[in-house]
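Listed below are the residues making up each chain.
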Amino acid sequence: MNWDDTAPPTEDAAPGGPDRLVGAAADGEDTAVEAALRPKDLAEFVGQERVREQLDLVLRAARARGATADHVLLSGAPGLGKTTLSMIIAAEMGAPIRITSGPAIQHAGDLAAILSSLQEGEVLFLDEIHRMSRPAEEMLYMAMEDFRVDVIVGKGPGATAIPLELPPFTLVGATTRAGLLPPPLRDRFGFTAHMEFYAPAELQRVIHRSAGLLDVEIEADGAAEIAGRSRGTPRIANRLLRRVRDYAQVKADGLITREIASQALGVYEVDARGLDRLDRAVLTALLKLFGGGPVGLSTLAVAVGEERETVEEVAEPFLVREGLLARTPRGRIATPAAWTHMGLVPPQPPAGGGGQQGLFGP
């Protein structure tokens, strides 16, 4: 039940992400619907059990002390619940929340203007925090640690630094690329959490709750069918649910069963493992044109008719995570699971034990 990230997609979103039914980046429809579906407190939040338990302790202890909560860093793939958790943090602390993003803060003055207008105890949610400009990042160090910023007035030798005291606040940073955060910034967060992909059973709970809020009738096996094709991501599960709802209303009596869900997602070209047209095109080219590889990324992209970045950043991460494709120094290679999923028989290695299939087995 964690439909993340109301902020508009940033440039960090993978190319073509919002246009794909199984893309994790939020589009306009997602943003509007997620606001209604988003859970309001930790008790409603499904999944991320360890993160939820740890965060609950942090927030309850802060409330008991009558203090603001420690700064929180949330990392993980898009659509897993980072924005949702930031709003829950504010709600649990009874504080207002202000939302902005790293790409929107290009100058230290932009950050100073935001920080100087915060109220005591307010939560500042900074999405894609790793994309802030370096001057703003350095100003944030002092603001997080000492609740103070130095505002520079004037230029050149006559410039003067005026210290500006800030009220205590809680910064919640979110990033899809935690490795790009500099250590001095990462170390200033009192609590860090990594958001994991969801298990199918957790996604079924997400789907059932969303179906109730959307007034959609759905059977347990229908929810299971949608969950199995949602790539472990609540946002994708909710998007597929809405498309299956449309199909059920037009083609059936509005009730979502396993058969209806399977037929609907077949129309939208999302297969049983959550692969869409682009994913299958990459696998088909790799298997049929190049015998399973190895093949270079640029060659594979030309064969698929997509940009290199689209194949590398949009299709490959999920294929690798599903164990259907491997990246090697020699190029991209299909695994035996890819041959099985696509209903193809891998070529037999030449006599003497040669051939790329030896990389995975006899």
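Cut-offs and rules
- Residues numbered from 1 in each chain as written.
- Predicted model: local features only at pLDDT ≥ 70, side-chain atom pairs only at ≥ 80, totals over all residues.
- Heavy atoms only, no water.
- Helix = DSSP H or I, 4+ residues; strand = E, 2+ residues; numbered from the N terminus.
- Buried < 20%, exposed > 50% of the residue type's maximum accessible area, 1.4 Å probe, protein only.
- Contact = heavy atoms within 4.5 Å.
- Areas by Shrake-Rupley, 256 points an atom, 1.4 Å probe, with all protein chains shown as cover.
- Core = buried A, V, L, I, M, F, W, Y, C linked by side-chain atoms within 4.5 Å.
- Expected span 1.5 Å × (residues − 1).
- Axes fitted to C-alpha atoms, helices over the stretch in contact; angles between N-to-C directions.
- Parallel < 35°, antiparallel > 145°, perpendicular 65-115°, else oblique.
- Salt bridge = Lys/Arg side-chain N within 4 Å of Asp/Glu carboxyl O.
- Pairing = 2+ DSSP bridges.
- Left-handed = near helix turned anticlockwise from the far one by under 90°.

Student: Sorry if this is basic, but what is going on with the overall build of the protein chain here?
Tutor: A tally of regular secondary structure across the protein chain gives 14 helices and nine strands. Within the protein chain, buried positions represent 48% of all 362 residues. Long-range contacts, defined here as pairs at least 24 residues apart, represent 72% of the contacts in the protein chain between residues at least 6 apart. When the accessible area of the protein chain is evaluated, it comes to approximately 16100 Å², of which 53% is carbon and sulfur surface.

Student: Is there a simple way to explain the nonpolar core in this structure?
Tutor: Considering soluble globular proteins, one finds that nonpolar side chains tend to be buried as a cluster. Formed by 46 residues in total, the largest nonpolar core has its most connected members in Leu-55, Leu-85, Ile-207, Ile-218, Ile-226 and Ile-256. Counting residues per element, this core draws most heavily on helix H9 (residues 234-251), at seven residues. Filtering out sequence-adjacent residues up to four positions away, Leu-85 remains in contact with Leu-42, Phe-45, Val-51, Leu-55, Leu-74 and Met-195. Ile-114, Ala-136, Val-149 and Phe-189 belong to the second-largest nonpolar core, a separate cluster that totals 24 residues.

Student: Would you mind showing me how to read helix H2 (residues 49-65) here?
Tutor: The α-helix advances 3.6 residues per turn, and as a result positions three or four apart in sequence lie on the same side. With 17 residues, H2 extends 25 Å between its outermost C-alpha atoms, agreeing within 8% with the 24 Å of an ideal straight helix rising 1.5 Å per residue. In this structure, the buried residues of H2 make contact with strand S1 (72-75), helix H3 (82-93) and strand S7 (191-194). Where H2 ends, the next residue or the one after it, Gly-66, has phi of about 70°, a positive value.

Student: Help me understand the packing of helix H12 (residues 297-304) against helix H13 (residues 308-321) in this model?
Tutor: Helix-helix packing: each pair is described by the crossing angle between the helix axes and the interaxial distance. Following both chains from N to C, one finds H12 and H13 inclined at 90°, their axes separated by 8 Å at the closest point. Comparing their axes, H13 and H12 come out roughly perpendicular. In this structure, H12 uses Leu-297, Ser-298, Leu-300 and Ala-301 to contact H13, whose residues at the interface are Arg-308, Val-311, Glu-312 and Glu-316.

Student: When you look at unusual backbone geometry in this model, what are you seeing that I'm missing?
Tutor: The phi angle of most residues is negative, glycine excepted, and most peptide bonds adopt the trans form. A positive phi angle, close to 60°, is found at Asp-215, a residue other than glycine. Positive phi values are uncommon outside glycine, yet Arg-231 reaches one of about 60°. When its relative accessible area of 8% is taken as the criterion, Arg-231 is described as buried.

Student: Teacher, can you tell me more about the pattern of salt bridges here?
Tutor: Two side chains of opposite charge can pair, provided their charged atoms sit close to one another. Inspection of every chain in the model, using the stated rule, returns 17 salt bridges. The salt bridge involving Glu-145 is made with Arg-188; its shortest N-O contact spans 3.2 Å. In this pair, Glu-145 is assigned in helix H5 (residues 134-146) and Arg-188 in the loop between helix H6 (183-186) and S7, connecting sequence segments 43 residues apart. By relative accessible area, Arg-188 is classed as partly exposed at 26%. For Arg-243, the salt bridge is made with Asp-246, and the minimal N-O distance between the two is 2.9 Å. With Arg-243 and Asp-246 both in helix H9, this residue pair falls three residues apart, about one helical turn. Taking relative accessible area as the criterion, Arg-243 reaches 14% and is therefore assigned buried.

Student: So what exactly am I meant to see when it comes to the environment of Arg-177 here?
Tutor: With respect to the element layout, Arg-177 can be found in the loop between strand S6 (170-175) and H6. Arg-177 sits 46 residues away from Arg-131 along the chain, and the two C-alpha atoms are 9.6 Å apart.

Student: Help me understand the pairing of S6, please; the structure alone is not making it clear to me.
Tutor: The two faces of the sheet receive side chains in turn, since in a regular strand these alternate between them. With respect to burial, S6 is a largely interior element, six of its six residues being buried. Side-chain alternation along S6 places Thr-170, Val-172 and Ala-174 on one buried face and Leu-171, Gly-173 and Thr-175 on a second face that is also buried. Sheet analysis places S1 next to S6, joined by four bridges and oriented parallel. Counterpart to Val-72 in the pairing with S6 is Val-172.

Student: Please explain the packing of H2 against H3 as it appears in this structure.
Tutor: Remark: H2 packs on H3, axes separated minimally by 10 Å, with the N-to-C direction vectors making an angle of 30°. Judged by the angle between their axes, H2 and H3 are roughly parallel. Judged by the sense of rotation from one axis to the other, the crossing of H2 with H3 is right-handed. On H3, the residues touching Val-51, Leu-55, Leu-59, Ala-62 and Arg-63 of H2 are Leu-85, Ile-89, Glu-92 and Met-93.

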